[in-house]
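Here are the chains, one letter per residue:
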Amino acid sequence: MKRAEKISGHKNRRKGFSLLEVMVAMAILATVLVVLLENHGMSIRISLRARQASVAANLARDLMTEIELDGFPDVGSEAGDFNESYPGLYPGYTWEREVNESVFADYIREVTVRVHYPVDGNQRGIELLNLIGAKDIEEQELAGLGGGELSGKSPGERALMGAMGRSSENDGDKE
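Report on the accompanying structure.

What counts and how
Residues numbered from 1 in each chain as written. Predicted model: local features only at pLDDT ≥ 70, side-chain atom pairs only at ≥ 80, totals over all residues. Heavy atoms only, no water. Helix = DSSP H or I, 4+ residues; strand = E, 2+ residues; numbered from the N terminus. Buried < 20%, exposed > 50% of the residue type's maximum accessible area, 1.4 Å probe, protein only. Lys, Arg positive; Asp, Glu negative; His and termini not counted. Salt bridge = Lys/Arg side-chain N within 4 Å of Asp/Glu carboxyl O. Polar contact = N/O pair within 3.5 Å; in protein donor to acceptor, adjacent residues only side chain to side chain.

### Examining the side chain of arginine 109
Argument step 1. Its location among the elements puts arginine 109 in strand E3 (residues 108-119).
Argument step 2. Within the buried core, arginine 109 has no salt-bridge partner, and the shortest N-O distance to an opposite charge, that of glutamate 101, equals 4.9 Å.
Argument step 3. Engagement of the side chain of arginine 109 in a polar contact is seen with the backbone oxygen of proline 73, the distance being 3.2 Å.

### Observations regarding the pattern of salt bridges
Argument step 1. Inspection of every chain in the model, using the stated rule, returns 5 salt bridges.
Argument step 2. In this structure, glutamate 98 engages arginine 114 in a salt bridge whose closest nitrogen and oxygen atoms are separated by 3.5 Å. Of this pair, glutamate 98 sits in strand E2 (residues 94-101) while arginine 114 sits in strand E3; the two residues are 16 residues apart in sequence, bridging distant segments of the chain.
Argument step 3. A salt bridge links glutamate 127 to arginine 114; the nearest nitrogen and oxygen atoms lie 2.9 Å apart. In this pair, glutamate 127 sits in strand E4 (residues 122-133) while arginine 114 sits in strand E3, placing the two residues 13 residues apart along the sequence.
Argument step 4. Residues joined in a network through salt bridges with shared partners are Glu96, Glu98, Arg114 and Glu127.

If you want it as structure tokens, here you go:
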């Protein structure tokens with residue numbers, strides 16, 4: 001009986017994969033690996049960009065803190081890089097600082113800090129805006145609150161009152 005089974009081929013089949021099945025499995029595996037590697041590379045690039053943006057935000061906060069600690073800032077603008085503060089650590093990172101009078105009051109300054117950084121050959125940036133007020137008498141005198149009928153008025157109020165030819169003290173005296 002064993003001899004008859006061998007002749008008919010029922011028990012003599014080899015168990016395993018054919019060459020075609022192995023080739024299809026390898027093609028599927030290669031496709032999946034390419035997709036996984038591409039996703040991994042993309043996540044590394046996104047992580048690098050997020051790190052650069054985070055570094056820029058921290059540097060901008062650092063600059064803003066320095067301005068706040070220095071006291072009431074003078075109106076004007078400055079620019080530079082971080083080589084003096086952090087030699088060799090942040091190549092390509094630059095900063096701008098702009099201080100303007102506030103439209104709210106003379107004793108408030110509008111401070112804008114911008115940090116620019118390179119990403120994939122392009123410049124990106126982050127911007128912080130803060131209002132810094134005069135804290136003591138000296139800073140208020142620096143801001144021009146020392147006297148005069150228009151002192152203490154915002155630039156917008158002064159311009160409006162100057163155009164009308166009167167100050168707020170004369171508002172009730174109109175005939």
